[in-house]
Amino acid sequence: MDKGRPNPDLIIFDCDGVLVDSELLSCRCLSEALAEFGLLLSEEQALELFLGRSTTAIEQHYRDLSQVVPDGFLPRLKSHVLETFAASLAPIPGVEAVISALTVPFCVASSSDLDRVSLSLDVTGLRGYFGDRIYTAQMVRHGKPAPDLFLHAAESMRTPPTRTLVIEDSVSGVQAGKAAGMTVWGFVGGGHYRSRDGCAILSAAGADRVFARMSDFWEM
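What this report covers is the structure whose coordinates are included nearby.

What counts as what
Residues numbered from 1 in each chain as written. Predicted model: local features only at pLDDT ≥ 70, side-chain atom pairs only at ≥ 80, totals over all residues. Heavy atoms only, no water. Helix = DSSP H or I, 4+ residues; strand = E, 2+ residues; numbered from the N terminus. Rg over C-alpha atoms; globule rule 2.2 N^0.38 Å. Buried < 20%, exposed > 50% of the residue type's maximum accessible area, 1.4 Å probe, protein only. Contact = heavy atoms within 4.5 Å. Lys, Arg positive; Asp, Glu negative; His and termini not counted. Charge placed at Lys NZ, Arg CZ, Asp CG, Glu CD. Phe/Tyr/Trp six-rings, centres within 6.5 Å; stacked < 30°, edge-to-face > 60°. Lys NZ or Arg CZ within 6 Å of the ring centre and 35° of its normal. Polar contact = N/O pair within 3.5 Å; in protein donor to acceptor, adjacent residues only side chain to side chain. Pairing = 2+ DSSP bridges. Axes fitted to C-alpha atoms, helices over the stretch in contact; angles between N-to-C directions. Core = buried A, V, L, I, M, F, W, Y, C linked by side-chain atoms within 4.5 Å.

Details of the overall build of the chain
Thinking step 1. Helix and strand counts for the chain stand at 10 helices and 6 strands.
Thinking step 2. Whereas a compact globule of 220 residues would reach a radius of gyration of roughly 17 Å, the chain reaches 16 Å, a difference of no more than 12%.
Thinking step 3. When the backbone C-alpha atoms are referred to their principal axes, the chain occupies close to 50 × 35 × 35 Å.
Thinking step 4. Counting every position in the chain, which comprises 220 residues, the buried fraction comes to 49%.
Thinking step 5. Residue pairs at least 24 apart in sequence account for 70% of intrachain contacts in the chain once pairs closer than 6 positions are excluded.
Thinking step 6. For the chain, the distance from the average site of its 19 positive side-chain charges to the average site of its 28 negative ones is 4 Å.

Below, the structure is given as structure tokens:
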């Protein structure tokens, strides 16, 4: 597949920060939920450490610091995120126009759990475009930046990795897509990149192209 202007057989979208503008909301929820259990982490630190990562990565981070995440933390975080998303989540501007015009198969592959992805797509009116073509880190042994999730999605969609295009907004997601042998476009139009040089960040991670507006999806 030509990485300058690819003609993929499959497009895999990340969810948070690509389909829905959720990353700042997620980081706020994480910071607030941790604080309830006596663990201090700013929203900025949450963004830096856990963008594009699963809750397993959060637990591992604190284990590495010889700190134990309390048993009630993950259920509390999940409920807080779902409540916040139901009230405030919005789609990425222009994304519905992109996916509604696609003529090749596409799916979602997200580090978030299935309940959260489903709610995100329901709240933003995007669920009907994806049906059951939703793949999450719960389905594989290793989450991003390992390639497992993207390889699982491509296999489920019966498409070779070399014929697959990934749309990602995080370093870990870009690294996962490249490790899977796929073409990866970095998207930096989410609210979490307003004060960060997303183009430099995702280019350094290995993205084949970086774009900031969904209206530029097929523009090179």
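Having seen it, we continue.
Here's the deal with the packing of aromatic side chains
Thinking step 1. Evaluated as defined, the whole model comprises 11 aromatic pairs.
Thinking step 2. Centre to centre, the rings of Phe37 and Phe73 are 6.1 Å apart; their planes meet at 85°, and the pair counts as edge-to-face. Of the two residues, Phe37 is situated in the loop between helix 1 (23–36) and helix 2 (43–50) and Phe73 in helix 4 (residues 73–88); the sequence distance between them amounts to 36 residues.
Thinking step 3. Looking at Phe73, the relative accessible area reads 0%, which means it is buried.
Thinking step 4. Here the aromatic rings of Phe217 and Trp218 are separated by 4.6 Å at their centres, their planes lie at 90°, and the arrangement is edge-to-face.
Thinking step 5. Overall, Phe217 belongs to the buried group, its relative accessible area being 1%.
Thinking step 6. Three or more aromatic residues joined by ring pairs form one cluster here, namely Phe13, Phe106, Phe130, Trp185, Phe187, Phe211, Phe217 and Trp218.
Thinking step 7. Here the guanidinium or amino end of Arg133 rests over the ring plane of Phe106, the centre of that ring lying 5.0 Å away.
Thinking step 8. Lying across the ring of Trp185, Arg209 places its NZ or CZ 4.5 Å from the centre.

Description of the side chain of Ser120
Thinking step 1. Along the polypeptide, Ser120 turns up in helix 6 (residues 114–123).
Thinking step 2. Among the polar contacts made by the side chain of Ser120, one reaches the main-chain carbonyl oxygen of Arg116 at a distance of 2.9 Å.

A few points about the sheet that holds strand 1 (residues 10–13)
Thinking step 1. Spatial strand order, 3-2-1-4-5-6: 6 strands in an open sheet with parallel pairing. Across the chains shown, the open sheet's two edge strands, defined by having one partner strand only, are strand 3 (134–136) and strand 6 (209–211). Direction aside, neighbouring strands of the sheet carry axes that sit 25° apart on average.
Thinking step 2. As paired elements, strand 5 (residues 183–187) and strand 6 share 3 bridges and run parallel to each other. Opposite Gly186, over in strand 6, you have Val210 as the bridge partner.
Thinking step 3. Sitting on the sheet, helix 6 touches strand 2 (106–110) and strand 3, and the angle it makes with strand 3 is about 140°.
Thinking step 4. Contacts from helix 10 (residues 198–205) reach strand 4 (164–168), strand 5 and strand 6, with the element oriented near 160° to strand 6.

A look at the nonpolar core
Thinking step 1. Of all hydrophobic cores here, the largest spans 67 residues; its most connected members are Phe13, Ile167 and Phe217.
Thinking step 2. Sorting elements by how many residues they give to this core places helix 1 first, with 6 residues.
Thinking step 3. For Phe13, the contacting residues outside a window of four places in its chain are Val18, Leu19, Ile99, Leu102, Phe106, Cys107, Val108, Ala109, Phe130, Ile167 and Phe217.

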